[in-house]
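Residue-level structure breakdown
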Amino acid sequence: MSEIIKNGQIQADEWTVLRLAEGDDAATIELPHGRVIVPLAVWLARRESLLAQAEAGVLGVWLTGSDDPAAIADDLPTLQLVAVNFPKFVDGRGYSIAALLRTRYGYGGELRAIGEVLRDQFFYMKRCGFDSMQPPAGRYTHAQLEAALASLGTFTEPYQSAVDVAEPLFRRHLRPAPAKEQA
Amino acid sequence: MYQYDEYDQRIVDERVAQYADQTARYLAGELSEDEFRPLRLQNGLYIQRHAPMLRIAVPYGNLRAEQLRMFAHIARTYDRGYGHFTTRQNLQFNWPKLEDVPEILRLLASVQMHGIQTSGNCIRNVTSDPFAGVAADEAIDPRPWCEIVRQWSTFHPEFAYLPRKFKIAVNGAQEDRAAIQIHDIGLDLRRDAEGKIGFRVLVGGGLGRTPILGEEVASFVPWQQILNYCEAVLRVYNLHGRRDNAYKARIKILVKALGVEEFARQVDAEFVHLKDGPSTLTQAEIDRVAGRFNDPVLTPLPADEAYRARLADDRAFANWARRNVRAHRLSGYASVVLSLKKSGIAPGDITAEQFDAVADLSERYAQGEARVLHEQNLAFASVREADLHDLWQQLHELGLATPNIGLLSDIISCPGGDFCSLANAKSIPIALAIQDRFDDLDHLHDIGDLELNISGCMNACGHHHVGHIGVLGVDKNGEEWYQVTIGGAQGNQASLGKVIGPSFAAAEMPDVVESLIRSYIDNRNEGEAFIDTVRRVGIEPFKTRVYAERSARQEERKPAHV
Ligand code: HEM
Ligand code: SF4
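Figured I'd write up the structure that's included with this text.

1. Considering the state of the cysteines
All names here are of chain B. Inspection of every chain in the model, using the stated rule, returns 0 disulfides over all chains. With no disulfide of its own, cysteine 230 lies closest to cysteine 146 among cysteine sulfurs, the gap being 11 Å. Among the residues examined, cysteine 230 registers a relative accessible area of 1% and is labelled buried.

2. Some details on the pattern of salt bridges
Under the criterion given, the structure shown has 61 salt bridges over all chains. For A:Asp91, the salt bridge identified is with B:Arg243, shortest N-O distance 3.4 Å. With A:Asp91 in the loop between β6 (81-86) and α3 (93-102) and B:Arg243 in the loop between α6 (226-240) and α7 (251-258), the pair connects residues from two separate chains. The class for B:Arg243 is partly exposed, based on a relative accessible area of 25%. Of the charged contacts in the structure, one is a salt bridge between B:Asp522 and B:Arg545, with a shortest N-O distance of 2.7 Å. On the criterion of sequence distance, the pair formed by B:Asp522 in helix α16 (residues 509-523) and B:Arg545 in helix α18 (residues 540-557) is long-range, its members being 23 residues apart. A residue is classified by how much of its surface remains accessible, and B:Asp522, at 54% relative accessible area, is exposed. The structure contains a network of salt bridges with shared partners spanning B:Arg437, B:Asp511, B:Glu514, B:Arg518, B:Asp522, B:Arg545, B:Glu549 and B:Arg553.

3. A word on the sheet that holds strand β4 (residues 82-85) of chain B
Residue and element names in this part refer to chain B. On the basis of which strands lie adjacent, the open sheet formed by 5 strands has the order β1-β2-β5-β4-β13 and antiparallel pairing. What marks the edges here is a single partner per strand, and that holds for β1 (45-47) and β13 (349-351). For this sheet, the mean inter-axis angle between neighbouring strands, taken without regard to orientation, is 30 degrees. With 2 bridges joining them, β4 and strand β5 (residues 91-93) adopt antiparallel strand pairing. Bridging from a neighbouring strand, phenylalanine 85 pairs with leucine 91 of β5. Its contacts with the sheet put helix α12 (residues 352-365) on β4, β5 and β13, and the angle it makes with β13 is roughly 80 degrees.

So, how was this worked out
- Residues numbered from 1 in each chain as written.
- Chains lettered and ligands numbered in written order.
- Predicted model: local features only at pLDDT ≥ 70, side-chain atom pairs only at ≥ 80, totals over all residues.
- Heavy atoms only, no water.
- Disulfide = S-S within 2.5 Å.
- Buried < 20%, exposed > 50% of the residue type's maximum accessible area, 1.4 Å probe, protein only.
- Salt bridge = Lys/Arg side-chain N within 4 Å of Asp/Glu carboxyl O.
- Helix = DSSP H or I, 4+ residues; strand = E, 2+ residues; numbered from the N terminus.
- Pairing = 2+ DSSP bridges.
- Axes fitted to C-alpha atoms, helices over the stretch in contact; angles between N-to-C directions.
- Contact = heavy atoms within 4.5 Å.

This is the structure:
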């Protein structure tokens, strides 16, 4: 069982992420037992038969950088877990996908970052609407993950509007007007 | 210039703490080389040929005296006593130690500075007109808008890991001095028929391997919506820019692949949703930011008679004034360019002693402020005409009064092979050799306006594509050669130079430039600048001359047959 960060806390996690290997057929691949996050291709191929599990909260769907979140727009009220995959931590498409899911498509369930999810990106992930982050298994010790929680709050008053805090700084606070003394 | 408030300060302080922790984890082996790289790059730290190189953001080229003094201190304490101004108005140190960088950043934060997003695949330091706020041809002061873009782009969570770097420039004057056509986004401030402020938006400019001039995607975005619009551009780019090949990852490639109409359509489709959202700007915010610039209140003065008299009878002073002094929007004042292009010194380099002295002079003559030009020089925005002569004498002592602004010896050059590990060839020695050949002032003044840009490889850090004469280092079987282009230009009539033919060895470069100049002098009309002659007669006469004279030189060198 791996450890994830959810809502700012470390938690044990029992979800399995199903990844298709070369040659696997989305329509027929056998799903692992228990709670499972399936790739978009599997969801699209077998939506009817998976719907009940999704409604019961034991099946989620993950998207990757090249996937269009519009593909699951209609399913979002049903889904309780959507994950976004970071194939490499420097591939920033997942941030835009998360922002779109939360704002454009109004997704309110758990939004999880999976793949190459590292602590130095937690802050940006949180701001883009991820409420859970799943670093690669074994990447961090428990102690390192504890230390990493601080990364969620690196910047206390960010400038711009984002998913977690929609108002930009200039709308949140009355910022001091012109500096008083002349330079 | 803009003064931080407590929020701005807190953000840079928190950045220093974050980076100190990241460096410690890297040194302890908890962060791999690959994991650490983007983190250090987004704080301006490259690992170069000899040592790390630290790039410090000079937001749209604005500096204060205390910041110049901090540069002097850092140069002395952590570097080898000098720094280098870049073609993006930033400052680089070439010799800091990786372990010292958190401390350097802490010192910088103490004077409202940082290295945030000066490198890496994120939104970079915003650049603009160095004469913003004082230029006679300015319609709208770009600085508050630059600062607003700076704040919005600082740690924008959605756009910290773009396919490639992303550069934004803002212009507010008749003449574009911010090179907006060679930026990923060029923002051109303007007024509509009713006098309302907005932006013409250009997208997809950039140099590098595939030089492209930006194209207009929106003719007028009202100022309230400009961040929403930029967000739409960036989202389209972040989702659809290529990530499979770093050479094809800039937004310019996406715009070309889609065509500008389709690109604009996708941006509009995104903008529809973002328009009027939380990032919509308010008049109160614009006023607040503009107010924090704390500009000195200058009252117009009568034209200074003594200054005019001196111009008439002091030729050296007049030469300097002709090239290094610019008109100011107010009578009785001028802007002064400090040349960092003295012969024998790498273009853009400045010593710790000069930093300190410039700080002192800025306080005495220029309200404690200085500007950085993307041509790698410094400027004082507002100097009283009556002070010009004194200032000139003191700049002269410091080696900062070379009267060559905009002339052939005002060479723009990247650090090249002496420092940069990506280089094909050295740039600085070429710049120095050309300066050395053209050291006669009268001749230089006679040649007139001419921009010569040198890059050590096709990454184009020296903007060679837009040099009137562009020099590019190329690798020929492991040897350093140079390809020459002419006809490039920045500004309103931006254009990309054309290659004149096969490349040259380093030792030939001064001769090649000389051939180009002779060809220009023979072909020019009365009062016509080099670039205008090239535009009128084309590259052929230049090309013919250069290669004919080259053959003649080679003939001469052949031993005579016995
Ligand atoms: C010394 C370390 C440096 C490295 C490793 C470096 C690397 C690069 C690379 C790889 C590019 C091409 C980016 C692309 O096309 O996507 C580039 C572009 C650029 N660099 Fe540098 N550079 C360095 C120093 C400098 C310096 C000192 C300057 C200023 C003098 C500079 C200014 C620029 C500019 C203006 C561009 C933009 C050209 C464009 O629009 O594509 N760089 N640099
Ligand atoms: S142009 Fe090439 S050689 Fe010059 S600084 Fe850029 S990457 Fe280095």
